[in-house]
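Chain and residue survey
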Amino acid sequence: MLVQEVDVPAHAPSSDAETALSDRDREILAFEKQWWKYAGSKEQAVRELFDLSATRYYQVLNALIDTPEALEHDPMLVKRLRRMRATRQRARTARRLDGTQG
């Protein structure tokens, strides 16, 4: 029996994964890392830098931090943002449960 050889592509190196992030994605991650350095409110800086409403910015950010490319690009930041999101979700769930049981 003959076995046919098949070329299987190797996993992409990290530089390819980083290029999978758009420039805007990288800018959002960089902004999130040091938004506190901007004068004024975070929402105002988001509007000026990205021309997005705060709601849309957070939708984009939450989708972005769920991607493996973002995790590879800046693992510490992405893990911190994921932890913060999970903490807020747990707090909301706890408040909801307290309100229905009380």
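The structure presented is a predicted model; accordingly, all values stated were derived computationally and were not measured.

Now for the overall build of the protein. A tally of regular secondary structure across the protein gives 6 helices and 0 strands. Secondary structure elements in the protein, listed N-terminal to C-terminal, are α-α-α-α-α-α. In the protein, which comprises 102 residues, the proportion classed as buried is 23%. Restricting the contact set of the protein to residue pairs at least 6 apart, pairs at least 24 apart contribute 47%. Of the roughly 7,900 Å² that the protein leaves accessible, carbon and sulfur atoms contribute 54%.

With that settled, consider the side chain of Glu32. Relative to the elements of secondary structure, Glu32 occurs in helix H2 (residues 23-34). What makes Glu32 buried here is its relative accessible area of 6%. Within the structure, the side chain of Glu32 is placed 2.4 Å from the side chain of Tyr57, a separation counted as a polar contact. Apart from the residues lying within four places of it in its own chain, the contact partners of Glu32 are Lys42, Tyr57, Leu61, Leu77, Arg80 and Leu81.

Taken together, the side chains of Arg88, Arg92, Arg95 and Arg96 present a region of like positive charge at the surface. Of note, Arg96 is situated in helix H6 (residues 75-101).

On to the confidence of the model for the protein. Mean pLDDT for the protein: 83, with 78% of residues reaching 70 or above. Here residues 1-14 is modelled with pLDDT under 50, and outside its nearest four sequence neighbours on either side it reaches 2 contacts, counting other chains as well.

Following the criterion strictly, the structure yields 4 aromatic pairs and no others. A ring pair is formed by Phe31 and Phe50, whose centres lie 5.6 Å apart and whose planes are at 80°; its orientation type is edge-to-face. You can see Phe31 sitting in helix H2 and its partner Phe50 sitting in helix H3 (residues 42-50), a full 19 residues away along the chain. Owing to a relative accessible area of 2%, Phe31 belongs among the buried residues under this scheme. Owing to a relative accessible area of 13%, Phe50 belongs among the buried residues under this scheme. With a centroid separation of 5.8 Å and an interplanar angle of 25°, the aromatic rings of Phe50 and Tyr57 are classed as stacked.

Here we come to the packing of H2 against helix H4 (residues 54-65). For the pair H2 and H4, the least separation of the axes is 11 Å and the interaxial angle reads 100°. Comparing their axes, H4 and H2 come out roughly perpendicular. On H4, the residues that touch Arg24, Asp25, Ile28, Leu29, Phe31 and Glu32 of H2 are Tyr57, Val60, Leu61 and Leu64.

Definitions and cut-offs
- Residues numbered from 1 in each chain as written.
- Predicted model: local features only at pLDDT ≥ 70, side-chain atom pairs only at ≥ 80, totals over all residues.
- Heavy atoms only, no water.
- Helix = DSSP H or I, 4+ residues; strand = E, 2+ residues; numbered from the N terminus.
- Buried < 20%, exposed > 50% of the residue type's maximum accessible area, 1.4 Å probe, protein only.
- Contact = heavy atoms within 4.5 Å.
- Areas by Shrake-Rupley, 256 points an atom, 1.4 Å probe, with all protein chains shown as cover.
- Polar contact = N/O pair within 3.5 Å; in protein donor to acceptor, adjacent residues only side chain to side chain.
- Patch = residues over 30% accessible without salt bridge, like charges linked within 9 Å, V, L, I, M, F, W, Y side chains within 5 Å.
- Salt bridge = Lys/Arg side-chain N within 4 Å of Asp/Glu carboxyl O.
- Lys, Arg positive; Asp, Glu negative; His and termini not counted.
- Charge placed at Lys NZ, Arg CZ, Asp CG, Glu CD.
- pLDDT = per-residue confidence, 0-100.
- Phe/Tyr/Trp six-rings, centres within 6.5 Å; stacked < 30°, edge-to-face > 60°.
- Axes fitted to C-alpha atoms, helices over the stretch in contact; angles between N-to-C directions.
- Parallel < 35°, antiparallel > 145°, perpendicular 65-115°, else oblique.

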